[in-house]
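Remarks on the overall topology
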Amino acid sequence: MKKIIAFAGSNSKTSINKQLAEYAASLVDNVETTLLDLNDFDLPIYGIDLENEKGIPDNAKKFLDFIKSSDGIILSLAEHNGAYATVFKNLFDWMSRIEGKTFQRKPMLLMATSPGARGGISVLNIAKDRFPRHDANIVEVFSLPSFGANFSEGKITNVDLSTDLKGKVEQFKKAL
């Protein structure tokens, strides 16, 4: 059976991106899904001096092992000031020191949501540019605008957006 991982690029306990990642993962049938929480992978702020003095933290290695042992990745990025949330950027920095090809050519459904009408488009654009340089195989990209108006009770309530995501999940499944 294929294995996927799903997570949000956020450490908020009430992350709307985590809710979106969990929902998207629930649409992928006949796979073993592991939901990851960045709060379970505490890391010091990356710095070359720290790396030289103490090496790579185990939590960065553990997270990269989840990527390596999966057949696909569902990732919903939180957008902070138009870019990645610090917690995700820090994890990404540590993992890239272990292996530059961080995403291992695993099929990826890349998403973002936000309370606003842009739905995390800025962070998605950054990721679409950056991730392929780290061996990401971005199969589909999905933005959910206005989370509060379009997501309720664990699912997307807007019919058009729901249909759009389901189609993108199907393409992701085909790539596994």
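Look up: the structure comes first, before these words.
What comes next concerns the included structure. It should be emphasised that the depicted structure is a prediction, and the values quoted were computed from it without experimental measurement. (Residues numbered from 1 in each chain as written. Predicted model: local features only at pLDDT ≥ 70, side-chain atom pairs only at ≥ 80, totals over all residues. Heavy atoms only, no water.)

Quick look at the nonpolar core now. Core analysis: the biggest nonpolar cluster contains 29 residues, and F7, F63, L77, F88 and F131 have the highest contact counts within it. Elements that contribute at least two residues to this core include exactly β1 (2–9), α3 (58–69), β3 (72–77), α4 (86–98), β6 (107–113) and α5 (121–130). Of the residues forming this core, the biggest block, five residues, is contributed by α4. (Core = buried A, V, L, I, M, F, W, Y, C linked by side-chain atoms within 4.5 Å. Buried < 20%, exposed > 50% of the residue type's maximum accessible area, 1.4 Å probe, protein only. Helix = DSSP H or I, 4+ residues; strand = E, 2+ residues; numbered from the N terminus.)

Okay, the packing of α3 against α4 next. Close contact between α3 and α4 brings their axes to 9 Å; oriented N to C, the two are set at 80°. The pairing of α3 with α4 is recorded here as roughly perpendicular in orientation. Contacts between α3 and α4 involve A60, K61, F63, L64 and I67 on the former and, on the latter, L91, W94, M95 and I98. Looking at the contact of α3 with α4 residue by residue, the class counts come to eight nonpolar, no polar and one charged. (Axes fitted to C-alpha atoms, helices over the stretch in contact; angles between N-to-C directions. Parallel < 35°, antiparallel > 145°, perpendicular 65-115°, else oblique. Contact = heavy atoms within 4.5 Å. Nonpolar A, V, L, I, M, F, W, Y, C, P; charged D, E, K, R; others polar.)

Glancing now at the environment of L20. Within the secondary structure, L20 sits in helix α1 (residues 16–26). Spatially, the C-alpha atom of L20 lies 9.1 Å from that of F7, the residues being 13 residues apart in sequence. Not counting residues up to four positions away in its chain, the partners in contact with L20 are S76, M111, A112, T113, F142, L144, F151, I156 and L165.

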